[in-house]
Amino acid sequence: MAQPRVLLTKEPAPQTIPASDLPMKVCEVALNTGPDSSSGLATAGFRTAKYLLPEWHQSNADLYHKAFAGCEQSEHGRAEAKELAEHAAATAQRAQQESTATLGQRLQDIHFWKTELQKEIEDLEAETGLLAAQKLRLERALDATEVPYAIATDNLQCRERRQPPDLVSDEVERELLKEAELIRNIQELLKRTLMQAGNQMRLNRDHKEICEMDWSDKVETYNIDDKCGRYSNQSTNIQFHPSSVKFEESASTPETWAKFSHDNIYRAEREKLASINLRALIDNILHDVSEDLRMQCAAVNEAFARHCEELDDTKHKLEHHLKKILKEIGDQEANIAALKQAIKDKEAPMKVAQTRLYDRSFRPNVELCRDEAQFRLISEAEELTESIASLKKKLLESEQFLRNLEDTRMNLEKEIAVKTNSIFIDRQKCMAHRTRYPVVLKLAGYH
C-alpha cells in the first residue's frame, strides 16, 4: 500500500543528543577529627552526604563542558546533515535530470522505430493493394481466355462437318489445334500465377499484422515513456511503488529490442520486394499472353484466308470445267442425234440396193447374168452395210462418251457442292465467329 505523502513546510530540526541523568557521584565525607572539630551530635545531620565547594564548582564546570561539547557536536552534526541534504538533493536532481534525458533519448529511439514501422505498414498496405489490382487483372485475363477457347473448339467442331474429300487435316486445323493447346497452357499458367499472388498477398497481410502489433506496442510504450518523462517533483499523480524497483526477468535488452523491430522490418521488406517482383512478373505474363494469343489468332485467320482462297480458286476451276462439260454434253448429244439421223438416212439407199438385187434375181434363164450392174449393186449394198455398221459403232462410242460426260458432270457438281459447303463453314461459320475474338487489352486483363 502506498504510504501517505508528507508535505514539509519547514526545515527539519537538527539531530540532537538525547538528555539523560548524570550518574550519582559517591563522595566520602571527611570527618572532623581535628582539634577544632566538633563531634557533637547536633550537627551530624547537616554534614552527612554533602559535596564540598570544589566539588560543586567542578560539577558545574563539567556540566558547562558537556553543554559546550554537546552544542559543538550538534552544530557539527547540523552542518553535516545540511551538507548531506544538499548533496542528496543535488544527487536526486541530477539523477532525475539524467533519467529524464535518458527517457528523452529512449523516446527518440522509440519514435524512430515507430516511424519506420508505420512507413513499412503503409508501404505493405499500398503494395498489397497494387498486387490485388494485378490479381484482378489475372482473374479478368483468365475469364477472357474462355472466349478464344470456345471459338477455337467451335471452329474445330464446325470443320468436322466438312464432307469428303475436303475433310482433311490441313493447315487451318493444325493452327486451330495449336491455338487450343496454347489457350489451355495459358489458363494453367494464369491459375498458377493467381495462386502465387494469393499466397503473396497472405504473406503481405501477415507481415503487415506483425508490424502493426509491433507499432502498436511502440505507440503504447511511447505514450508511457512520454508520460514518465513529464513527471516532476511537483506532479500530483506520483506515489511510492517500492515493488517496481527491479528488473523483470522477461525484459528484453536494448540490443534484442532493436533487433526485434529490425527483423520485423527486414522480413516485411523482403516480402514487399517479393511482391514487387511478382507484380512485374504478372505484368510480363499478361503482356506475353495477350501477344501470344493475338499472334496465334492472326496465324489462324491467315490460314483460314489462304484456305478460303484455295477453295474459291478450286471452285471456280471446277465451275469452269463443268461449263465445258455441259457444252461438250450438248455437242455430244447433237452428234448422237446426227449419227442416228445418218443411220436412218442410209435405210432408203439400202432398200433401193437390196430391192434392185432382189428384183434382178428373178431374171429368166441365161439372163441371170453376173454382169457389171450386178457386181455394182452388190458392192453398193456392201458399202452401205459397212457404213451403217461404222455409224452404229460410232454411235455407241458417242453414247459412251455422253455417259462419261454425265458422270463427270455429276462428280463436278458434287465437288462444287462440297467446296461450297467448305467455304460456307470456313468463311460464314468459322471466320465470322472469330470476329468476336477479344482485343489485346481485354486479354491483358484491363477490361
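Computed from a predicted structure; not experimentally measured.

1. Re the overall build of the chain
A tally of helices and strands in the chain yields 8 helices and 0 strands. Taken from the N to the C terminus, the helices and strands of the chain come in the order α-α-α-α-α-α-α-α. A buried classification covers 27% of the 447 residues belonging to the chain. Residue pairs in contact within the chain that sit at least 24 positions apart in sequence constitute 89% of those at least 6 positions apart. For the chain, the accessible surface area stands at approximately 31300 Å², while carbon and sulfur atoms represent 57% of it.

2. Section: the environment of Glu 120
Looking at the element boundaries, Glu 120 is found in helix 2 (residues 53-144). For Glu 120 and Ala 268, which are 148 residues apart along the polypeptide, the C-alpha to C-alpha distance reads 7.2 Å. If we skip the residues at most four places from it in the chain, Glu 120 touches Cys 211, Ile 265, Ala 268, Glu 269 and Lys 272.

3. Re the layout of surface pockets
There is about 430 Å³ of room inside the second largest pocket. In this structure, the second largest pocket is lined by 13 residues; those nearest its centre are Gln 96, Leu 103, Cys 228, Tyr 231 and Ile 238. Among the elements of the structure, helix 2 and helix 4 (171-230) are those that each provide at least two residues to the lining of the second largest pocket. Here the lining of the second largest pocket takes 4 residues from helix 2, the largest share from any one element. Classifying every residue of the lining of the second largest pocket gives 5 nonpolar, 7 polar and 1 charged.

4. Brief notes about the side chain of Glu 175
Relative to the helices and strands, Glu 175 resides in helix 4. Leave out the neighbours within four places in its chain, and Glu 175 touches Gln 296, Ala 299, Val 300 and Ala 303.

5. Re the confidence of the model for the chain
On average, residues of the chain score 86 in pLDDT, and 89% of them reach the 70 mark or higher. Low pLDDT (under 50) marks residues 1-20, which in the prediction has 7 contacts with non-local residues, meaning those over four places away or in another chain. Low pLDDT, under 50, characterises residues 25-40; the predicted model gives this stretch 11 contacts beyond four residues in sequence or across chains.

6. A closer look at the pattern of salt bridges
According to the stated counting rule, one finds 31 salt bridges in the structure shown. Between Arg 162 and Glu 173 there is a salt bridge, with the nearest N and O atoms lying 3.7 Å from each other. Placement of Arg 162 in the loop between helix 3 (146-159) and helix 4 and of Glu 173 in helix 4 is noted, with a sequence separation of 11 residues between them. With respect to burial, Arg 162 and Glu 173 carry one shared label: buried. Residues Glu 406 and Arg 409 are paired through a salt bridge, measuring 2.8 Å at the closest nitrogen-oxygen approach. A residue pair is termed a helical-turn pair when its members lie 3 or 4 positions apart in one helix, as Glu 406 and Arg 409 do in helix 7 (residues 372-434) at 3 residues.

7. Some remarks on the packing of helix 2 against helix 3
With their axes 4 Å apart at the nearest point, helix 2 and helix 3 run at an angle of 15 degrees to one another. Taken together, the axes of helix 2 and helix 3 are roughly parallel relative to one another. Of the residues in helix 3, those touching helix 2 at Leu 142, Asp 143 and Ala 144 are Glu 146, Val 147 and Pro 148. Class assignment for the residues of the contact of helix 2 with helix 3 results in 4 nonpolar, no polar and 2 charged.

8. Remarks on the packing of helix 5 (residues 254-345) against helix 6 (residues 347-360)
Look at helix 5 against helix 6: their axes get within 4 Å of each other, and the N-to-C directions meet at 20 degrees. The angle between the axes of helix 5 and helix 6 places the two elements in the roughly parallel class. For the pair formed by helix 5 and helix 6, the contact residues are Ile 343, Lys 344 and Asp 345 on the first element and Glu 347, Ala 348 and Pro 349 on the second. Broken down by class, the residue content of the contact of helix 5 with helix 6 amounts to 3 nonpolar, no polar and 3 charged.

9. What to know about the side chain of Lys 419
Mapped onto the elements, Lys 419 comes out in helix 7. On the accessibility criterion, Lys 419 (7% relative accessible area) is buried. Ignoring sequence-local partners within four residues, the contact set of Lys 419 consists of Asp 166, Leu 311, Thr 314, Lys 315 and Leu 318.

10. Some details on unusual backbone geometry
Put simply, Pro 164 and Pro 165 share a cis peptide bond, and its omega is 5 degrees. Structurally, Pro 165 is set in the loop between helix 3 and helix 4.

11. Here we look at the packing of aromatic side chains
Given two aromatic rings, one states the distance between the centres and the angle between the planes to describe the pair. Here the structure, examined in full by the defined rule, presents 2 aromatic pairs. Consider the rings of Phe 112 and Trp 113, whose centres lie 5.1 Å apart with planes at 75 degrees: the pair is edge-to-face. Of the residues examined, Phe 112 reaches a relative accessible area of 43% and is grouped as partly exposed. Ring geometry for Tyr 358 versus Phe 362: centroids 5.0 Å apart, planes at 80 degrees, classification edge-to-face.

12. Here we look at the environment of Thr 221
By secondary structure assignment, the location of Thr 221 is in helix 4. Under the relative-accessibility criterion, Thr 221 is labelled partly exposed at 32%. Note: C-alpha distance between Thr 221 and Ile 110 (111 residues apart in sequence) is 7.8 Å.

13. Some points on a nonpolar patch on the surface
Residues Val 439, Leu 441 and Tyr 446 make up a contiguous nonpolar surface patch of roughly 300 Å² in combined accessible area. Its place among the elements puts Leu 441 in helix 8 (residues 440-443). A residue is classified by how much of its surface remains accessible, and Leu 441, at 46% relative accessible area, is partly exposed.

Scoring rules and cut-offs
Residues numbered from 1 in each chain as written. Predicted model: local features only at pLDDT ≥ 70, side-chain atom pairs only at ≥ 80, totals over all residues. Heavy atoms only, no water. Helix = DSSP H or I, 4+ residues; strand = E, 2+ residues; numbered from the N terminus. Buried < 20%, exposed > 50% of the residue type's maximum accessible area, 1.4 Å probe, protein only. Contact = heavy atoms within 4.5 Å. Areas by Shrake-Rupley, 256 points an atom, 1.4 Å probe, with all protein chains shown as cover. 1 Å grid on protein atoms, 1.4 Å probe; cavity = no way out; pocket = protein on both sides within 12 Å on 5 of 7 lines; lining within 4 Å. Points joined across faces, edges and corners; volume = space filled by probe spheres on them. Nonpolar A, V, L, I, M, F, W, Y, C, P; charged D, E, K, R; others polar. pLDDT = per-residue confidence, 0-100. Salt bridge = Lys/Arg side-chain N within 4 Å of Asp/Glu carboxyl O. Axes fitted to C-alpha atoms, helices over the stretch in contact; angles between N-to-C directions. Parallel < 35°, antiparallel > 145°, perpendicular 65-115°, else oblique. Phe/Tyr/Trp six-rings, centres within 6.5 Å; stacked < 30°, edge-to-face > 60°. Patch = residues over 30% accessible without salt bridge, like charges linked within 9 Å, V, L, I, M, F, W, Y side chains within 5 Å.

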